[in-house]
Structure formats: C-alpha cells, structure tokens
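Observations on the model geometry
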Amino acid sequence: MRILVTGGAGFLGSHLIDRLMEAGHEVICLDNFYTGRKQNVLKWMRNPYFELVRHDITEPIRLEVDQIYHLACPASPVHYQYNAIKTVKTNVIGTLNMLGLAKRVKARFFLASTSEVYGDPEVHPQPETYWGNVNSIGIRSCYDEGKRMAETLTFDYHRSNDVDIRVVRIFNTYGPRMLPNDGRVVSNFIVQALQGKPLTVYGDGSQTRSFCYVSDLVEGFIRLMEGDYIGPVNLGNPGEYTILQLAETIQKMINPDAELIFEPLPQDDPKKRQPDITRARKYLNNWQPIIPLQEGLEKTIAYFRDQLKE
Ligand code: NAD
Ligand code: UDP
Ligand code: UDP
C-alpha cells in the first residue's frame, strides 16, 4: 500500500514509519519540521519506497494514497502554546485538508487524537464514553479543543461523506526521538538529570500521569488501522504514577544526588490521568502495553545519553 504519514518526522510518526517501511509499504512522510526533524527518518532517505515532503498541512495538497495516518500537530504544551493560533489551524484546517484528501482518493483515515479531550477529568480512569471536562478559553484549549474539533470533523466526514475512519486517543507516551527540548515531563527529567541540573517538578508533584512506551503504542496504531473498529479507542499504559514518583525514579536511575526543585503548576494542568483500555483489549485483539516503565526509561535514557554526546 501507499501510506501517507502526516507529522512523520516527529517522535511518534517516525517510529510508525519504521514499522510501515519494515512491513514493505510505500510511505510518504509529510512534515513542516516544526517539532520534527529529518534525522528521525534519515535511515529511509535513500530507499526508493520512501518520500519526504516538506509541507504544512494547513495548505491543501493533492496526493494519491491508500491510507492516511494523520499525526501532524505539536504535542508538547511548550510547543503547542508557543503559537496557539497556529495549533488551532493545524488541528482544524489541517485536519480538514487531510479529510478532504481522504475523501477524494477514498483512503482510510486515522486520526491521532489525545487523552486531552477528557480535560481535567472528573471520571477516573477515563473510558471513551466520558465526554470530558475541558476549559474552552484556557492556555491548553488550542490543543484540547483543537483535537476535539478534529474528532468532530473526522466523524462528520464519516457520516456525511462515507470516509473510512479510525480514531485513537493517545495517553502520555515517551521514548527515543523525543527532542531534548521537547518540554514534556519524561524527556525533561531525563535530560536534566543527565546534564546535572535539578529536576523541575511542577506543583507539589502529586498530579498523576500514566506513561506508555512508544513501541506499545505503535503496535496499537497498526492494529486499529488494520481492523474494523472505527473508535474512538484509548491507547496508553494504565500504570499510573505521581509526577514526584516519576522524578524520584529517574533520579535513582541516573543520579541519586540530582536535586529536585518545585516550580509553579501551569494553568489547567490535569490532576490525574489514566486510560481505561477495556475497549482496546476488546477490539484490538487483546492489545495491551508490554514494556514496563523501568525498561522503557532505560531505553530512553540510553538514547538521550547518545544524543547529548553528539
Ligand atoms: P511531535 O511534536 O514529535 O510530532 C509532531 C509532528 O508534526 C512534528 O514532526 C511536527 O513538525 C509536525 N507538524 C506540526 N504541525 C504541522 C503542520 N502544520 N504541518 C505539517 N507538519 C506539522 O509529537 P508526537 O509526540 O510525535 O505526537 C504526534 C501526534 O500524536 C500529535 O498529533 C499529538 O497530538 C498526538 N499525541 C501524542 C501524545 C504523546 O504522548 N506523544 C499524546 C497524545 C496525542
Ligand atoms: N483538499 C486537499 N487535497 C485534496 C482534496 C481536498 O488538500 O486532495 C482540501 C481542500 O482544499 C479543502 C479541504 O481539503 O480545503 C476539504 O475538502 P472537501 O472536498 O471536503 O471540501 P470542499 O473543497 O468542497 O470545501
Ligand atoms: N511536568 C513537570 N515538570 C516538567 C514538565 C512537566 O512536573 O519539567 C508535569 C506537568 O505539569 C504535568 C505532567 O508533568 O503535570 C505531564 O506533563 P507533560 O507536559 O509531559 O504532559 P501533559 O501535561 O500534556 O500530560
């Protein structure tokens, strides 16, 4: 098949491309390199079945493909808040363009949505049936509401135009190829500890997240795309930790003498988050994460050690 991956030079997109190329598909990677980099897909650059296109999805584009994995959108609060209006455009106009493309060429369309559609959740853990608790005017809204609109558009193209869709809600995922300046918590703590800087815990660190290793997530992507269930379906690791626990774990693994410092909690920071993965288990052939946090962190630490040497 010929498969388009938007945001393919980013963290998740580049791991997905590895799987698709290894399976013998032809891949077109579309990226504007806002938070992605060529280095992430460097190993495929000379492969005739791989194409890298520098393109911003807020502009229309015509291509002929069988499937679209639509991942383009900055995912770290630091980067999606840097130009909030651009984030809205990417989620709304960009997703509209990719759905228009899917409609024209009758491609199956996969939307990378997010656990952020649940906002600061009042239901715990979060099942897909929960409608969420999202602030429409806060600093996270460009991303949360942007993704909610992207889901709406996707389901409306399905209902009105028969576009074949798959929707995944991704919970916090980490691993190699996150940028050292990504700004999300796992890469921040690892890079800080490796550089001998204090680990910056926001708030008192009692807020929780559930961390999924990237290979587990990509396996779920492919099962969803290849199956019949349209979603939305949560993908994430149900293992839930406080941010303080995460800081202490990484501190122990890299440098037990590293200092922890406490900084103000950003506005609207969700207090807790854990995926209910009953649906994924049921519809994705018993999918569940298999890499424990400790093992995933070891691989990620090894990656950043190398990166920082370069
Ligand atoms: P990332 O920032 O590494 O990758 C995003 C990619 O999209 C980058 O390569 C970036 O350059 C590209 N991009 C951004 N705006 C674009 C535009 N207008 N046109 C073309 N390309 C554009 O982030 P990631 O962690 O790989 O996230 C990928 C997708 O998964 C995003 O849609 C994100 O919202 C979603 N997601 C990720 C997580 C996670 O924990 N990693 C959680 C929930 C949802
Ligand atoms: N679009 C695109 N590539 C295509 C087909 C459509 O970028 O191959 C864009 C198109 O420019 C439009 C959007 O997708 O802005 C939605 O397309 P659709 O055909 O659904 O709507 P319309 O063009 O009728 O507004
Ligand atoms: N966080 C932190 N220190 C950091 C970066 C993030 O304590 O250096 C906290 C952040 O406030 C949030 C959690 O870690 O409570 C996860 O943040 P991240 O940006 O990784 O993801 P999201 O908030 O989007 O889930």
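Below or above, wherever it landed, is the structure these notes cover. (Residues numbered from 1 in each chain as written. Chains lettered and ligands numbered in written order. Predicted model: local features only at pLDDT ≥ 70, side-chain atom pairs only at ≥ 80, totals over all residues. Heavy atoms only, no water.)

1. Brief notes about the packing of aromatic side chains
Summed over all chains, the structure comprises eight aromatic pairs. Aromatic side chains Tyr80 and Tyr143 sit 4.3 Å apart centroid to centroid with 5° between the ring planes, which places their arrangement in the stacked category. Highlighted residues: Tyr80 in helix α2 (residues 77-82) and Tyr143 in helix α4 (residues 141-161), separated in sequence by 63 residues. An angle of 75° between the planes, with centres 5.3 Å apart, marks the rings of Tyr303 and Phe304 as edge-to-face. Like Tyr303, the residue Phe304 is buried in the burial classification. Put simply, the rings of Tyr69, Phe110 and Phe221 touch in pairs and so form one group of aromatic residues. (Phe/Tyr/Trp six-rings, centres within 6.5 Å; stacked < 30°, edge-to-face > 60°. Helix = DSSP H or I, 4+ residues; strand = E, 2+ residues; numbered from the N terminus. Buried < 20%, exposed > 50% of the residue type's maximum accessible area, 1.4 Å probe, protein only.)

2. Points about the side chain of Gln126
The topology assignment puts Gln126 in the loop between β5 (108-114) and α4. For Gln126, the residues in contact, after removing those within four places along its chain, are Tyr118, Pro121, Phe171, Asn234, Lys272, Arg273, Gln274, Pro275 and Asp276. (Contact = heavy atoms within 4.5 Å.)

3. As for empty space enclosed by the protein
Taken as a whole and judged by the stated rule, the model has one cavity of 30 Å³ or more. Looking at the largest cavity, its volume works out to about 30 Å³. For the largest cavity, the full set of lining residues is His70, Leu71, Ala72, Cys73, Asn91, Thr95, Leu111, Ala112 and Lys147. Taken together, the elements giving at least two residues each to the lining of the largest cavity come down to α3 (84-105) and β5. Split into classes, the residues belonging to the lining of the largest cavity amount to five nonpolar, three polar and one charged. (1 Å grid on protein atoms, 1.4 Å probe; cavity = no way out; pocket = protein on both sides within 12 Å on 5 of 7 lines; lining within 4 Å. Points joined across faces, edges and corners; volume = space filled by probe spheres on them. Nonpolar A, V, L, I, M, F, W, Y, C, P; charged D, E, K, R; others polar.)

4. A closer look at helix α9 (residues 293-309)
In a regular helix each residue adds 1.5 Å, so 17 residues correspond to 24 Å; α9 covers 24 Å between its end C-alpha atoms and thus fits that length. Contact partners of the buried residues in α9: β7 (173-174), α5 (185-194), β10 (212-213), β12 (240-242) and α7 (243-254). (Expected span 1.5 Å × (residues − 1).)

5. Considering the sheet that holds strand β11 (residues 233-235)
Within the open sheet, the seven strands sit side by side as β3-β2-β1-β4-β5-β6-β11. Their pairing is parallel. This sheet does not close on itself; its edge strands, each paired only once, are β3 (50-54) and β11. Recorded for the sheet is a direction-independent mean angle of 20° between the axes of neighbouring strands. Pairing between β5 and strand β6 (residues 165-170): six bridges, direction parallel. Pairing of Ser113 across the sheet is with Arg169, part of β6. Packing of helix α1 (residues 11-22) onto the sheet brings it into contact with β1 (2-6), β2 (26-31), β3, β4 (67-70) and β6, and relative to β1 it is tilted by some 170°. Together, β1, β2, β4 and β5 form the strand contacts of α3, whose direction differs from that of β4 by roughly 170°. (Pairing = 2+ DSSP bridges. Axes fitted to C-alpha atoms, helices over the stretch in contact; angles between N-to-C directions.)

6. Considerations on the site of ligand 2
Near ligand 2 you find Pro60, Ile61, Arg62, Leu96, Asn97, Gly100, Leu101, Lys103, Arg104 and Tyr157, and these make up its full shell. Within the side chain of Tyr157, one N or O atom sits 2.5 Å away from an oxygen atom of ligand 2. When the free accessible area of ligand 2 is taken as 520 Å², the share hidden by the protein chains comes to 61%. A per-element tally of the shell around ligand 2 places α3 first, with six residues. In terms of residue class, the shell around ligand 2 is built from five nonpolar, two polar and three charged. (Near = heavy atom within 4 Å. Polar contact = N/O pair within 3.5 Å; in protein donor to acceptor, adjacent residues only side chain to side chain. Areas by Shrake-Rupley, 256 points an atom, 1.4 Å probe, with all protein chains shown as cover.)

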